Amino acid sequence: MSALINAYNRLAITLERGEGARVWDTDGTEYLDALGGIAVTALGHSHPAVTAAITEQAAKLIHTSNVYQVKAQADLGEKLCSVAGMDKVFFSNSGAEANEAMIKIARLHARKREIDSPAIVVMEGSFHGRTMATLSATGSRKVQAGFEPLVQGFVRVPFNDVDSLKAVAENNPHVVAVMFEPIQGEGGIVLPDDDYIDAVRAVCDEHNWLMMLDEIQSGMGRTGKWFAYQHSASTPDVMSVAKALGNGVPIGACLASGDAAELIQPGNHGSTFGGNPLSCRVGGAVIDAIENDKLLARAQTLGARLLDGFKAELADVSAVTDIRGRGMMLGIQFDRDCPELVGKAMQAGILINVTRGDTIRLLPPYVMSDAQADTLVGQLSAVVKDALAT
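Residues numbered from 1 in each chain as written. Predicted model: local features only at pLDDT ≥ 70, side-chain atom pairs only at ≥ 80, totals over all residues. Heavy atoms only, no water.

> Can you walk me through the overall build of the protein in this structure?
Helices and strands together make up the secondary structure of the protein, namely twelve helices and 15 strands. At 21 Å, the protein has a C-alpha radius of gyration in line with the 21 Å of a compact globule built from 390 residues. Reported as C-alpha extents along the three principal axes, the dimensions of the protein are approximately 60 × 55 × 45 Å. Counting all 390 residues of the protein, 53% fall into the buried class. Across the protein, every contact between residues at least 6 apart in sequence was considered, and the portion connecting residues at least 24 apart equals 71%. When the accessible surface of the protein is summed, it comes to about 17,200 Å², and 50% of that surface belongs to carbon and sulfur atoms. Distance between charge centres in the protein, computed from 33 positive and 46 negative side chains, equals 3 Å. (Helix = DSSP H or I, 4+ residues; strand = E, 2+ residues; numbered from the N terminus. Rg over C-alpha atoms; globule rule 2.2 N^0.38 Å. Buried < 20%, exposed > 50% of the residue type's maximum accessible area, 1.4 Å probe, protein only. Contact = heavy atoms within 4.5 Å. Areas by Shrake-Rupley, 256 points an atom, 1.4 Å probe, with all protein chains shown as cover. Lys, Arg positive; Asp, Glu negative; His and termini not counted. Charge placed at Lys NZ, Arg CZ, Asp CG, Glu CD.)

> I tried to follow the packing of aromatic side chains on my own but got confused; where do I start?
Any pair of aromatic rings gets described here by the distance separating the centres and the angle formed by the planes. If you walk through the whole model with that rule in mind, you get three aromatic pairs. Aromatic pair F180 and Y196: ring centres 5.7 Å apart, planes at 75°, arrangement edge-to-face. Taken together, the positions of F180 in strand β7 (residues 175-180) and Y196 in helix α8 (residues 196-207) put the pair 16 residues apart, joining distant regions of the chain. Looking at F180, the relative accessible area reads 0%, which means it is buried. The class of Y196 is buried, set by a relative accessible area of 2%. Relative to Y229, the ring of F227 has its centre 6.2 Å away and its plane inclined at 10°; by these criteria the two rings are stacked. With respect to class, F227 is no different from Y229; both count as buried. Through pairs of rings, three or more aromatic residues link up here, namely F159, F180 and Y196. For the cation-ring pair, R17 lies above W24, with the distance from its terminal atom to the ring centre recorded as 4.1 Å. (Phe/Tyr/Trp six-rings, centres within 6.5 Å; stacked < 30°, edge-to-face > 60°. Lys NZ or Arg CZ within 6 Å of the ring centre and 35° of its normal.)

> Is there a simple way to explain the pairing of strand β9 (residues 238-241) in this structure?
The two faces of the sheet receive side chains in turn, since in a regular strand these alternate between them. Judged by which residues are buried, β9 turns out to be covered on both faces: V238 and S240 on one side and M239 and V241 on the other are all buried. Note: β9 against strand β10 (residues 252-256), four bridges, orientation antiparallel. Following the sheet pairing, V238 is matched in β10 by A256. (Pairing = 2+ DSSP bridges.)

> Explain the layout of surface pockets to me, please; I cannot follow it from the model alone.
Summary: where empty space remains is shown by rolling a probe the size of a single water molecule over the atoms. Taken as a whole, the second largest pocket holds about 850 Å³ of empty space. Along its surface, the second largest pocket is lined by 30 residues, and Q73, K88, V89, F90 and F91 are the ones closest to its centre. Secondary-structure elements contributing two or more residues to the lining of the second largest pocket are α3 (71-84), β4 (88-92) and β10. Considering each element in turn, the lining of the second largest pocket owes the most residues, five residues, to α3. Of the residues that constitute the lining of the second largest pocket, the class distribution is 17 nonpolar, nine polar and four charged. (1 Å grid on protein atoms, 1.4 Å probe; cavity = no way out; pocket = protein on both sides within 12 Å on 5 of 7 lines; lining within 4 Å. Points joined across faces, edges and corners; volume = space filled by probe spheres on them. Nonpolar A, V, L, I, M, F, W, Y, C, P; charged D, E, K, R; others polar.)

> Looking at this model, I keep getting lost on the packing of helix α11 (residues 340-347) against helix α12 (residues 370-388). Mind explaining?
A pair of packed helices can be characterised by two numbers: the angle between their axes and the separation between those axes. Two elements in contact, α11 and α12, have axes separated by 10 Å at closest approach and are oriented at 130°. Overall, the two elements α11 and α12 adopt an arrangement that is oblique. Seen along the crossing, α11 lies across α12 with a hand that is right-handed. On α12, the residues touching E340, L341, K344 and A345 of α11 are L380, V383, A387 and L388. Per-class residue counts for the contact of α11 with α12 are six nonpolar, no polar and two charged. (Axes fitted to C-alpha atoms, helices over the stretch in contact; angles between N-to-C directions. Parallel < 35°, antiparallel > 145°, perpendicular 65-115°, else oblique. Left-handed = near helix turned anticlockwise from the far one by under 90°.)

> Teacher, can you tell me more about the sheet that holds strand β14 (residues 353-355) here?
Note on sheets: strands pair through backbone hydrogen bonds, and any given pair is parallel or antiparallel. In space, the four strands of this open sheet follow the order β11-β12-β15-β14, with antiparallel pairing throughout. Bordering the open sheet on either side are β11 (320-325) and β14, each of which pairs with just one other strand. Pairs of neighbouring strands in the sheet enclose a mean axial angle of 25°, with direction left out of account. Where β14 lies against strand β15 (residues 359-362), three bridges are found, and the strand directions are antiparallel. In the strand pairing of β15, N353 is matched with R361. Together, β11, β12 (330-334) and β15 form the strand contacts of helix α10 (residues 295-313), whose direction differs from that of β11 by roughly 170°.

> What is the right way to look at the nonpolar core in this model?
In globular proteins that are soluble, nonpolar side chains generally tend to be buried together. Counting residues in hydrophobic clusters, the biggest one holds 88 residues, and the most contacted among them are L80, F180, M220, F227, F310, F334 and I360. When neighbours within four sequence positions are excluded, F180 is seen to be in contact with M123, H128, F159, Y196, I197, V200, M211, M212, L213 and D214. If you look at the next biggest cluster of nonpolar residues, it comprises 23 residues, including I105, I120, F154 and C254. (Core = buried A, V, L, I, M, F, W, Y, C linked by side-chain atoms within 4.5 Å.)

> Hey, could you run me through the environment of F334 in this one?
Mapped onto the fold, F334 is located in strand β12. Look at F334 and you get buried, because its relative accessible area is 1%. Distance in space between the C-alpha atoms of F334 and L150 is 32 Å, their sequence separation being 184 residues. Beyond its immediate stretch of four places on either side in the chain, F334 contacts A319, V320, T321, L341, D358, I360, V384 and L388.

> For this particular structure, what's the right way to read the pattern of salt bridges?
Note on pairing: side chains with opposite charge can pair once their charged atoms come close. As enumerated under the stated definition, the model contains 18 salt bridges in all. Of the charged contacts in the structure, one is a salt bridge between R298 and D370, with a shortest N-O distance of 2.9 Å. Placement of the pair is R298 in helix α10 and D370 in helix α12, with a sequence separation of 72 residues. The class of R298 is partly exposed, set by a relative accessible area of 23%. On the basis of relative accessible area, D370 is assigned to the partly exposed category, the value being 32%. Residues joined in a network through salt bridges with shared partners are R298, R305, D370 and D374. (Salt bridge = Lys/Arg side-chain N within 4 Å of Asp/Glu carboxyl O.)

This is the structure we're talking about:
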């Protein structure tokens, strides 16, 4: 009997080591990693810059707490704000915690406006985490079930529907912010219209709302830009980042600009481990590697290669209803639930997952080679055809 709480339906393999886009289990079986630890290992496994940052910093100083100045934290803050076009950052341990900070900033914004019962507009199909506040903001009853009563103060609208957002603005004077993913990841790699973020920005500006973006999955180069909102002309007031920022070392960040960046003051918020020397040193190494190795451009070209490849290979499979993506964030949707594809792909040497029940989600590392990308397309398409072709 395991000592672990039964929180996961784990696959029956134990991964032991990795290199680039490949991993090996304890039996020595090799797999092509097309999930990347769920969008985390963007630089692949055992990246030399990450390994060096971990070992050098671990031999020097791992943790001090935020009672003191942390140079690595200040350095990473400068780099992160620079690539994001934001003013200030608060470091946490995870994406959910970064979203908690974002929600707390919205509440402080409400107090400044003397709104006593503030509401944040969130989206159907969204995923923001599993803490009480973030699961309450999430647009999934499956995530929320069993944890009622939920945290109050969230108003839900359809994703990619600006008219619904405008209707809320006309009828609810308590709204202070809009919180959404620029691309819904857990919701099935759902991309909004090209002008959606700019349209939301306009509504927020008109009503003095904060535009708050959850870039936990879509950020850090995943879409071929540092952040997915950079495909638009707008910048958020507040943004959350995590996952690929540490390439596997736990770290999250909440960035803010303008007045929103000044709302949290000493005593409002904090974290024991957040922004420690080790995690921040690694975060800095990740940003440097993405810049030095030109991985933003690589994510664009490699993502297009994968998208075009799957569209060509699966064009005649009637069960496929859509193939979509941006950069290294791709989804293949079917006309039925297909959880069995995870195990079938694993047997073929490919690591994927299925989200929303009916969509293969692919989040490969940016360092995947062209040959590995072509292998992914060929082998996964063969699995799909064998399992679902009619």
